[in-house]
Amino acid sequence: MNIAIISNGHGEDTIALNLIKALPTATQSTIITFPLVGSGHIYHQHNLPVKLKNPTFPSGGFIRTIKDLFTDIRHGLLTHILQQVKTIKQQTTNTTTVIAVGDIFCLILASFSKKPIYFLPTAKSDTFMPHSFIERWLIKKIAQKSYPRDNQTTQNFLIHKLPAAYFGNPMMDNLSTYTPIISLQKNQQLIGLLPGSRKEAYKNFQYILTICEALPPKENLIFACAWVPTLNIQTILAATGWSITATTTTTQTIQNPNKTCSVILSNQFNAIINQATLCIGLAGTANEQAIYLKKPVVCFAGFGPQSTVQRFKEQQKLLGPLLTLCERNITTITATILKLLASPKPAVTKHHKAAAKKIMDDIFKTA
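Note that the coordinates shown come from a computational prediction; the quantities given were computed from them, not determined experimentally.

Moving on, we come to the packing of helix α5 (residues 104–111) against helix α6 (residues 133–142). It is at 11 Å that the axes of α5 and α6 come closest, and there the two elements cross at 30°. Here α5 lies roughly parallel to α6, going by the angle between them. As for the relative orientation of α5 and α6, their crossing is left-handed in sense. Only E135, L138, I139 and I142 of α6 make contact with α5, whose side of the interface consists of I104, L107, I108 and S111.

Let's shift gears to the pairing of strand β10 (residues 262–266). Of all five residues in β10, four are buried; the element is thus mostly enclosed. As judged from the four bridges shared by strand β7 (residues 221–226) and β10, these two strands associate in the parallel manner. Paired with A224 across the two strands is I264, which belongs to β10. Taken together, the five bridges between strand β9 (residues 251–255) and β10 define a ladder with antiparallel strand orientation. Paired with T253 across the two strands is I264, which belongs to β10.

On the basis of which strands lie adjacent, the open sheet formed by eight strands has the order β8-β9-β10-β7-β6-β11-β12-β13 and mixed pairing. What marks the edges here is a single partner per strand, and that holds for β8 (243–247) and β13 (323–325). Here the average twist between neighbouring strands, direction ignored, is 25°. Pairing between strand β6 (residues 189–194) and β7: five bridges, direction parallel. Bridge pairing links I191 to F223 in β7. The sheet contacts of helix α12 (residues 309–319) involve β11 (278–281), β12 (297–299) and β13, and relative to β13 the element is tilted by about 150°.

Turning next to empty space enclosed by the protein. Scanning the model with the defined rule gives one cavity of 30 Å³ or more in all. In this structure, the largest cavity occupies an estimated 50 Å³ of space. Along its surface, the largest cavity is lined by I15, L120, P121, T122, Y147, P148, R149, N169, P170 and M171. Looking at side-chain class alone, the lining of the largest cavity contains seven nonpolar, two polar and one charged residues.

Taken as a whole, the second largest pocket encloses approximately 350 Å³ of empty space. Contributing to the lining of the second largest pocket are 18 residues, with R149, Y166, N169, M172 and Y292 lying nearest its centre. For the lining of the second largest pocket, the elements supplying multiple residues, two or more each, are α11 (285–292), α12 and α14 (355–366). Examining the composition of the lining of the second largest pocket, we find that three residues originate from one element, α11, more than from any other.

The next point concerns the packing of aromatic side chains. What the rule picks out here adds up to five aromatic pairs. Plain terms: the ring middles of Y202 and W227 are 6.3 Å apart, the flat faces sit at 65° to each other, and that makes the pair edge-to-face. Of the two residues, Y202 sits in helix α8 (residues 201–214) while W227 sits in the loop between β7 and α9 (233–240), which places them 25 residues apart along the sequence. Assigned by exposure class, Y202 and W227 land together as buried. Centroid distance Y207 to F303: 5.9 Å. Interplanar angle 55°. Geometry classified as tilted. Taken together, the positions of Y207 in helix α8 and F303 in the loop between β12 and α12 put the pair 96 residues apart, joining distant regions of the chain. Owing to a relative accessible area of 16%, Y207 belongs among the buried residues under this scheme. The class of F303 is partly exposed, set by a relative accessible area of 33%.

Helical periodicity: at 3.6 residues per turn, an α-helix aligns residues three or four positions apart in one direction. Along its 15 residues, helix α4 (residues 77–91) runs 21 Å from first to last C-alpha, staying within 8% of the 21 Å computed at 1.5 Å per residue. Among all positions in α4, only L77, H80, I81, Q84, V85, T87 and I88 are buried. With its buried residues spanning 165° around the axis, α4 presents them on a single face. Those residues of α4 that are exposed and aimed more than 90 degrees away from the buried face are T79 and L82.

Below, the discussion takes up α6. Those residues of α6 that sit buried are E135, R136, L138, I139 and I142. Projected onto a plane normal to the axis of α6, the buried residues spread over an arc of 160° and lie on a single side. Of the exposed residues in α6, the ones pointing more than 90 degrees away from its buried face are F133, I134 and K141. Packed against the buried residues of α6 are α5, β4 (117–121), β5 (145–146) and α7 (151–159).

Turning our eyes to something else, we now look at the nonpolar core. With 84 residues, the main nonpolar core has I191, L193, F205, V263 and I337 as its most contacted residues. The biggest single contributor to this core is α8, with eight residues. The residues touching V263, leaving out its near neighbours within four places in the chain, are L193, F205, L209, C212, F223, C225, W242, Q252, T253 and I254. Membership of the second largest hydrophobic core comes to 27 residues, among which are F34, I88, L109 and F157.

Among the secondary structure elements, I42 is positioned in helix α2 (residues 41–45). For I42, a relative accessible area of 8% puts it in the buried group. Each C-alpha atom of the pair I42 and P229 lies 9.5 Å from the other, and the pair is 187 residues apart in sequence. Among residues more than four places away in sequence, those in contact with I42 are H10, D13, T14 and L17.

Reading the values: rules and limits
- Residues numbered from 1 in each chain as written.
- Predicted model: local features only at pLDDT ≥ 70, side-chain atom pairs only at ≥ 80, totals over all residues.
- Heavy atoms only, no water.
- Axes fitted to C-alpha atoms, helices over the stretch in contact; angles between N-to-C directions.
- Helix = DSSP H or I, 4+ residues; strand = E, 2+ residues; numbered from the N terminus.
- Parallel < 35°, antiparallel > 145°, perpendicular 65-115°, else oblique.
- Left-handed = near helix turned anticlockwise from the far one by under 90°.
- Contact = heavy atoms within 4.5 Å.
- Buried < 20%, exposed > 50% of the residue type's maximum accessible area, 1.4 Å probe, protein only.
- Pairing = 2+ DSSP bridges.
- 1 Å grid on protein atoms, 1.4 Å probe; cavity = no way out; pocket = protein on both sides within 12 Å on 5 of 7 lines; lining within 4 Å.
- Points joined across faces, edges and corners; volume = space filled by probe spheres on them.
- Nonpolar A, V, L, I, M, F, W, Y, C, P; charged D, E, K, R; others polar.
- Phe/Tyr/Trp six-rings, centres within 6.5 Å; stacked < 30°, edge-to-face > 60°.
- Expected span 1.5 Å × (residues − 1).
- Arc of directions from axis to C-beta.
- Core = buried A, V, L, I, M, F, W, Y, C linked by side-chain atoms within 4.5 Å.

In structure tokens form, the structure reads like this:
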């Protein structure tokens, strides 16, 4: 089977990678990938062919308003989409199956392949934002079968006669790890920092650093940031005056100018969220994954379209009380963090789900 993966976001790329890793071992499949947003660095890291190159638009690929849309159009969005469509048409001629991971826009672009399409609708859920009539119509028209992110959404799809199945959420597969990001003393607690994966992560992280500096200077608070390799840490250092003080094969440590606070940077995301007592999260998928592991997440309005108050209110509906939305105020945020650190910790269960394998088995059975 020749499979094309079309995904539109860092979290979606990660989900798609979980699907690829779960391919039935008895099959010989050729994989090509089409990240609609970003560089697809996760695919590159795993030596998978990446067929699209994408500029960064003002919305960061997260269009929520007419203003966002027209701003991106002025920066060449329509020309870029036409190029994406052309590339998908050309590069999927030998493809037998297409898997679209993302929103309706992702599904529409996948339809230009003219191949059977299996859809993982990651952007919406009936818990906070049901699919509209038009979206359901498009899904029914384009997708052979859908695999929504939760059972409630799946049941709604079935009620509206959309072929669908729920096998779990593949973004939650294999999150658990016993490998620590750092050796902690008994009295130490790790705070995970999740600034996001797109351009707004720079300003988000810059503000998060001021929170780290404002917390009481205690030796028992350790900060570790899940830093995406495509983001340039030098941009943060130039803006804040922080400097790199240590580097290993998997981490860097940065320190503020007064040498009163330091933060570990690492792309070992699973290690950070497993070891963290709580997280400061201005992310999408990463926030959900941390809460799935029963880690409280403190959020507030960030500095871009993926970290708005509206988005975090939607996340609250989906994720429940472990997500705390604060006013963007240093005093309020630090007080909330200290209160949560002193609260009883929820029991943590190690998770090793196999949603991706079940979905891929079902696709192979259906295709």
